[in-house]
Amino acid sequence: MRLRCTVNGRTTECSTHPMRRLLDILREDLGLTGTKEGCGEGECGACTVLLDGAPVTSCMVPAIQLEGRDIRTIEGIGSPKAPHPLQRLFVEEGAVQCGFCTPGMILAALALLQDNPTPDRAAIRFALSGNLCRCTGYEAIFRAVERAAAEDVPTFPPREGMQNDTPQSPRFDPGEEGRFTVPRTLDEALEHLAEHPGARAVLAGGTDVMPDMRKRGTLPESAVDISRLPELHRIRVQRDRLHIGAGATNAELQRNPNVQAHFPCLVEAARRSGAPTIQHRATIGGNLMTASPAADLPPLLMALDASVTLACSGGTRTIPVAEHITGYRETACHGQELLTEISIPLPGRGRVQRFSKRATRQGLSLARVALGCSAGLFEGRLGDVRIACGSMTPVPMMLEEVMAFLEGKHPDSETIRRAGELAAAAVEPRKTPHFRKHATRGLVEQFLREFQP
Ligand code: FES
Ligand code: FES
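Residue indices follow the written sequence of each chain, beginning from 1 at its first position. Lettering for chains starts from A, numbering for ligands starts from 1, and both go in the order in which the items are written. Residues qualify for local features only when their pLDDT is at least 70, as the model is predicted, and side-chain atom pairs are given and counted only at 80 or more; totals for whole chains, interfaces and linings, by contrast, use all residues. In computing side-chain values, all of the structure's heavy atoms are included and hydrogens and water are not.

1. Looking at unusual backbone geometry
Part 1 of the argument: The phi dihedral of Asp 52 is positive, around 50 degrees, even though this residue is not glycine.
Part 2 of the argument: Inspection of the secondary structure puts Asp 52 in the loop between strand S3 (48–51) and strand S4 (54–57).
Part 3 of the argument: Taking relative accessible area as the criterion, Asp 52 reaches 1% and is therefore assigned buried.
Part 4 of the argument: At Arg 329, a residue that is not glycine, the phi angle is positive and equals roughly 55 degrees.
Part 5 of the argument: What counts as a helix is a DSSP run of H or I of at least four residues, what counts as a strand is a run of E of at least two, and both are numbered from the N terminus. Within the secondary structure, Arg 329 sits in the loop between strand S13 (325–327) and strand S14 (330–331).
Part 6 of the argument: Buried, partly exposed and exposed residues are distinguished by accessible area as a fraction of the type maximum, computed with a 1.4 Å probe on protein chains only: under 20%, between the cut-offs, and over 50%, respectively. In this structure Arg 329 comes out as partly exposed when scored by relative accessible area, which is 39%.

Okay, structure coming up:
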């Protein structure tokens, strides 16, 4: 395909395979070797660049998603003769040793300062949590970013209108026509899937497709990119439910006023699901379609009694999230269908809804235990209790016995202790069972204690 985009402020054209990684295009075609490859699967942050102003890992962005977009690499930030003030501060603070992580750190830090010009230490730690450094121990890096904030260094805002605007189709080569497509509307996407069912990668955030592609060592021969369909990014309240387009990213969930107002627990789940660089790519629909046992959002969505809408050119059907995930990485979605929307009933008064997770790293680590909980207190008694857990069994599970036990009970200490015991007994994790049972018990008890006076 022929790709046309903006790199470091210059219009750039090149010829490439639609599924080639942005990281390879930058390094091999454009000679921009400041962007480094570490893990190649979204975990180290060495390949971080700004895409339309947002920090993303370029090893997870395929060429097919880049037409008309704005990319900034470390070469567009400063140079050895004219370093950006943040680069100077990294040197002054001793935040650079081997320097392998530094370009990604600088770009992730500038994205933070663009969003939040006065971050505290916790915000800096979190913003850089997807960027690993094996040399400095981080302290010097954090100090450099703090000084940059105090000096109000220049940042690189997103170009006007570039976030999730209508997709632009690249010019595909004759052999690629029909195999690769960037539909402009949802109807176009559904028609395409009807004509070419299954067998093609459906690309949204690419956080699963791209690492899989790397592991297999071959480029997919067909793909449909739905990442910028406007219909899939809408979030709205309608008829007592919150409707979320399946393409909404974890970053979009966190900053949406409707999600913030009605489901702080979903904001928390999106915030704890991957590092910021991943949160700008990973989508709620992708989390449900991947159906990974370790996915963070499904247990919470099950506890919130959410449903998914599956659409095809012939119509739509809506099913509960619990029925959508049918097995290990398996869903009820047929080859011609697309998951288009997630809807959640708005919580009534007095309802408490929480997401909690136990994992090894704050920013980017798979949950060892993820728990979604929802319950109300009615005249002193628990009601409408829903608790679901993930990361322990092939599919997330509702803790039915615990829910039945709690229904109508006073949330006294004995009830909470017994519910914790039942929760620990209900889960059968294959790995680290002692830790995971203990953690499940603790998280269920912690949730229930919120109902105590
Ligand atoms: Fe590690 Fe891209 S190379 S995140
Ligand atoms: Fe060497 Fe960070 S300075 S990895």
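2. Focus: the environment of Arg 381
Part 1 of the argument: Considering the arrangement of structural elements, one finds Arg 381 in strand S18 (residues 381–390).
Part 2 of the argument: On the basis of relative accessible area, Arg 381 is assigned to the partly exposed category, the value being 41%.
Part 3 of the argument: Each C-alpha atom of the pair Arg 381 and Asp 412 lies 9.9 Å from the other, and the pair is 31 residues apart in sequence.
Part 4 of the argument: With residues near it in sequence (within four places) discarded, Arg 381 still touches Gly 376, Gly 408, Lys 409 and His 410.
Part 5 of the argument: Residues adjacent in sequence count toward polar contacts only when both atoms are side-chain atoms; beyond that, a polar contact is any pair of N or O atoms within 3.5 Å, and within protein one must be able to donate a hydrogen and the other to accept it. A polar atom in the side chain of Arg 381 sits 3.3 Å from the side chain of His 410. Only heavy atoms enter the contact rule, under which two residues are in contact if any of them lie within 4.5 Å.

3. Points about empty space enclosed by the protein
Part 1 of the argument: Using a grid of 1 Å spacing that covers the protein atoms alone, one calls a set of points a cavity when a 1.4 Å probe fits there but cannot get out, and a pocket when the set is open and has protein on both sides within 12 Å along at least five of seven lines; lining residues are those with an atom within 4 Å of a point. Grid points are joined across faces, edges and corners, and a volume is the space filled by probe spheres set on the points. Applying the stated criterion across every chain, the model contains 2 cavities of 30 Å³ or more.
Part 2 of the argument: Lining the second largest cavity, in full, are Leu 3, Cys 5, Val 7, Thr 12, Cys 14, Leu 22, Ile 25, Leu 26, Leu 30 and Ile 71.

4. Regarding the pattern of salt bridges
Part 1 of the argument: For this analysis, a salt bridge means a side-chain nitrogen from Lys or Arg found within 4 Å of a carboxyl oxygen belonging to Asp or Glu. The tally for this structure, following the rule as stated, stands at 31 salt bridges.
Part 2 of the argument: A salt bridge links Arg 21 to Asp 24; the nearest nitrogen and oxygen atoms lie 2.9 Å apart. Per residue, the accessibility class of Arg 21 equals that of Asp 24, and both read buried.
Part 3 of the argument: The partner of Arg 147 in a salt bridge is Glu 151, and the shortest N-O contact between them spans 3.9 Å.

5. Notes on the pairing of strand S2 (residues 10–15)
Successive side chains on a regular strand alternate, one facing one side of the sheet and the next facing the other.
Part 1 of the argument: As judged from the 6 bridges shared by strand S1 (residues 2–7) and S2, these two strands associate in the antiparallel manner. Residue pairing for S2: Cys 5 is matched across the bridge by Thr 12.
Part 2 of the argument: Between any two strands, at least two bridges found by DSSP are needed for them to pair. Here S1 folds back onto S2 in antiparallel fashion, the turn holding 2 residues, of which Asn 8 has a positive phi close to 50 degrees.

6. Remarks on the sheet that holds strand S7 (residues 201–203)
Remark on secondary structure: sheet strands pair via backbone hydrogen bonds, oriented parallel or antiparallel.
Part 1 of the argument: Strand order across the open sheet formed by 3 strands is S6-S8-S7, with parallel pairing between neighbours. Looking at the sheet topology across the chains shown, the edges are occupied by strand S6 (180–181) and S7.
Part 2 of the argument: As defined by bridge partners, S6 adjoins strand S8 (residues 223–225) across 2 bridges and the pair is classed as parallel. Considered in S8, the bridge of Thr 181 is made with Val 224.

7. What to know about the nonpolar core
Part 1 of the argument: Think of a nonpolar core as a cluster: buried Ala, Val, Leu, Ile, Met, Phe, Trp, Tyr and Cys residues, connected wherever their side-chain atoms sit within 4.5 Å. Residues Ile 244, Leu 253, Leu 301, Ile 342, Ile 344 and Ile 387 are the most contacted members of the largest nonpolar core, which totals 63 residues.
Part 2 of the argument: If near-sequence neighbours (up to four positions away) are discounted, Leu 301 is found in contact with Ile 284, Leu 288, Ala 306, Val 321, Ile 342 and Ile 344.
Part 3 of the argument: Core analysis: the second largest hydrophobic core is formed by 32 residues, Leu 23, Val 49, Leu 66 and Phe 172 among them.

8. With respect to the packing of aromatic side chains
Part 1 of the argument: Paired rings are identified among Phe, Tyr and Trp, the last through its six-membered ring, by centres lying within 6.5 Å, and are further divided according to the angle between planes into stacked (under 30 degrees), edge-to-face (over 60) and tilted (the rest). Counted under the stated rule, the structure contains 3 aromatic pairs.
Part 2 of the argument: Any Lys NZ or Arg CZ that is within 6 Å of a ring centre and within 35 degrees of that ring's normal is treated as a charge sitting over the ring. When the ring centre of Phe 405 is taken as origin, the NZ or CZ atom of Lys 409, which lies over that ring, is 4.3 Å away.

9. So, the side chain of Ser 129
Part 1 of the argument: Topologically, Ser 129 is positioned in the loop between helix H4 (121–127) and helix H5 (139–151).
Part 2 of the argument: The exposure class assigned to Ser 129 is buried, which follows from its relative accessible area of 12%.
Part 3 of the argument: Side-chain polar atoms of Ser 129 contact the backbone oxygen of Phe 126, separated by 2.6 Å.

10. What to know about the side chain of Arg 69
Part 1 of the argument: Within the secondary structure, Arg 69 is located in the loop between S4 and strand S5 (70–72).
Part 2 of the argument: The class of Arg 69 is buried, set by a relative accessible area of 9%.
Part 3 of the argument: Looking at Arg 69, its side chain comes within polar contact range of the side chain of Asp 52, at 3.0 Å.

11. Some points on the layout of surface pockets
Part 1 of the argument: Of the voids in this model, the second largest pocket is the one considered here, and its volume is about 570 Å³.
Part 2 of the argument: Listing elements by their share of the lining of the second largest pocket, those giving two or more residues are S4, helix H3 (102–115), H4, helix H8 (250–255) and helix H11 (276–279).
Part 3 of the argument: Class assignment for the residues of the lining of the second largest pocket results in 11 nonpolar, 8 polar and 4 charged. Throughout, the ten residues Ala, Val, Leu, Ile, Met, Phe, Trp, Tyr, Cys and Pro are labelled nonpolar, Asp, Glu, Lys and Arg are labelled charged, and all others, Gly among them, are labelled polar.

12. Quick notes on a negative patch on the surface
Part 1 of the argument: Patches were defined on residues exceeding 30% relative accessible area and lacking a salt bridge, with like-charge contacts within 9 Å and nonpolar side-chain contacts (Val, Leu, Ile, Met, Phe, Trp, Tyr) within 5 Å. Calculation of accessible area relied on Shrake-Rupley with a 1.4 Å probe; when residues are assessed, cover is drawn exclusively from the protein chains displayed. Charged residues are defined narrowly, with Lys and Arg counted positive, Asp and Glu counted negative, and His plus the chain ends left uncounted. To locate a charge, take atom NZ for lysine, CZ for arginine, CG for aspartate or CD for glutamate. Residues Asp 187, Glu 188, Glu 191 and Glu 195 make up a contiguous surface patch of negative charge.
Part 2 of the argument: Within the secondary structure layout, Glu 188 lies in helix H6 (residues 186–195).
Part 3 of the argument: Taking relative accessible area as the criterion, Glu 188 reaches 38% and is therefore assigned partly exposed.

13. Quick notes on the packing of helix H2 (residues 85–92) against H3
Part 1 of the argument: Between N-to-C directions, angles cover 0 to 180 degrees, with each direction set by a line fitted to C-alpha atoms, over the stretch in contact for helices. Following both chains from N to C, one finds H2 and H3 inclined at 125 degrees, their axes separated by 10 Å at the closest point. Judged on the interaxial angle alone, H3 and H2 are oblique. When you trace H2 past H3, the crossing you get is right-handed. Judged by residue contacts, Leu 86, Gln 87 and Phe 90 of H2 engage Thr 102, Met 105, Ile 106, Ala 109 and Leu 110 from H3.
Part 2 of the argument: Its residues assigned to classes, the contact of H2 with H3 comprises 6 nonpolar, 2 polar and no charged. Each angle is binned into one of four classes, with values under 35 degrees roughly parallel, values over 145 roughly antiparallel, values of 65 to 115 roughly perpendicular, and all other values oblique. Should the near helix be turned anticlockwise from the far one by less than a right angle, the crossing is left-handed, and should it be turned clockwise, the crossing is right-handed.

In short, geometric facts, not functional conclusions.
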